[in-house]
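# Notes for the structure review
The residues making up each chain are set out below.
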Amino acid sequence: MLRVDKIPWYMIPFFLLFGYGIGVFFFVYIWLMHLTCRIQFTGTNPALNSSAVYCIWHESLVLYFIAFPKVSKQVWMNHPAWYMKPVHVLLRLTGVEHICLGSSGNSGKLALQHVIEYLLKGYSTTVACDGPAGPPKELKPGVLLMSRDAKVPVIPLRFSCSRSFRIGGWDRKII
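All of the points below concern the structure found in this document. (Residues numbered from 1 in each chain as written. Predicted model: local features only at pLDDT ≥ 70, side-chain atom pairs only at ≥ 80, totals over all residues. Heavy atoms only, no water.)

### Some remarks on the environment of Leu90
Structurally, Leu90 is set in helix H3 (residues 85-94). Take Leu90: its relative accessible area is 6%, and that puts it in the buried class. Taking the C-alpha atoms as reference points, Leu90 and Met77, separated by 13 residues in sequence, lie 14 Å from one another. In this structure, Leu90 is in contact with Gly23, Phe26, Phe27, Ile30 and Phe65, ignoring residues within four places of it in sequence. (Helix = DSSP H or I, 4+ residues; strand = E, 2+ residues; numbered from the N terminus. Buried < 20%, exposed > 50% of the residue type's maximum accessible area, 1.4 Å probe, protein only. Contact = heavy atoms within 4.5 Å.)

Here's what the structure looks like:
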């Protein structure tokens, strides 16, 4: 697997054009949606700035970014494959300060340890807790390990829409 941090030198210009082009497009899209959608919080509006593990299902990733287009003092664990570069660009543009490269089966344990180190320093993280490949809505153990080892709470976030559609794939993301 070609990793985002191991791109051959001759592919770097195309890789950066791909990553930043799509990443900036996604960033503009989420800001337009944020500005044109009515967002209503039920319960407590999570500021996403206290040290905690915020959990969402993979299907809600787009809705998460629309509801929270700007975050601070966050660290994310993200899949290291080359095609994830636009997501890494989007994370940086939304304010995620540190990206720990890894996921289930791809240096996930090492990335998990790095996230825990940041949580101990007062950072927070948001995790799609059903992992990078599902099955959907089945909790992976990393969330609980982060919470236990860093002694921070797990705060679940749930999203709903009055108008949306789902795209194909294992997680059926809500758009």
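So much for the structure itself; the text now carries on.
### Quick look at the nonpolar core
Counting 23 residues, the largest nonpolar core has Tyr64, Phe65, Phe68, Trp76, Leu157 and Phe159 as the members making the most contacts within it. For this core, the elements supplying multiple residues, two or more each, are helix H1 (12-36), strand S1 (53-56), helix H2 (61-67), H3 and strand S3 (96-101). Among the elements that make up this core, the one with the highest residue count is H2 (7 residues). When sequence neighbours within four positions are dropped, the list of residues in contact with Phe159 reads Ile56, Ser60, Leu63, Tyr64, Ala67 and Phe68. Ile116, Tyr123, Met146 and Ala150 belong to the second largest nonpolar core, which has 17 residues in total. (Core = buried A, V, L, I, M, F, W, Y, C linked by side-chain atoms within 4.5 Å.)

### A short note on the packing of helix H4 (residues 108-120) against helix H5 (residues 142-150)
Between H4 and H5, the shortest axis-to-axis distance is 9 Å and the interhelical angle comes to 40 degrees. By the criterion of interaxial angle, the relationship of H4 to H5 is oblique. Both H4 and H5 take part in a crossing whose hand is right-handed. Along its contact with H4, which presents Leu112, Val115, Ile116, Leu119 and Leu120, the element H5 presents Gly142, Leu145, Met146, Asp149 and Ala150. Among the residues making up the contact of H4 with H5, the classes are represented as 8 nonpolar, 1 polar and 1 charged. (Axes fitted to C-alpha atoms, helices over the stretch in contact; angles between N-to-C directions. Parallel < 35°, antiparallel > 145°, perpendicular 65-115°, else oblique. Left-handed = near helix turned anticlockwise from the far one by under 90°. Nonpolar A, V, L, I, M, F, W, Y, C, P; charged D, E, K, R; others polar.)

### Brief notes about H1
What sets the pattern is the α-helix's 3.6 residues per turn: residues three or four places apart point alike. Between its first and last C-alpha, H1 extends 36 Å over 25 residues, near the 36 Å set by a 1.5 Å rise per residue. Burial in H1 covers these residues: Phe15, Gly19, Gly23, Phe27 and Ile30. Buried residues in H1 make contact with H2 and H3. (Expected span 1.5 Å × (residues − 1).)

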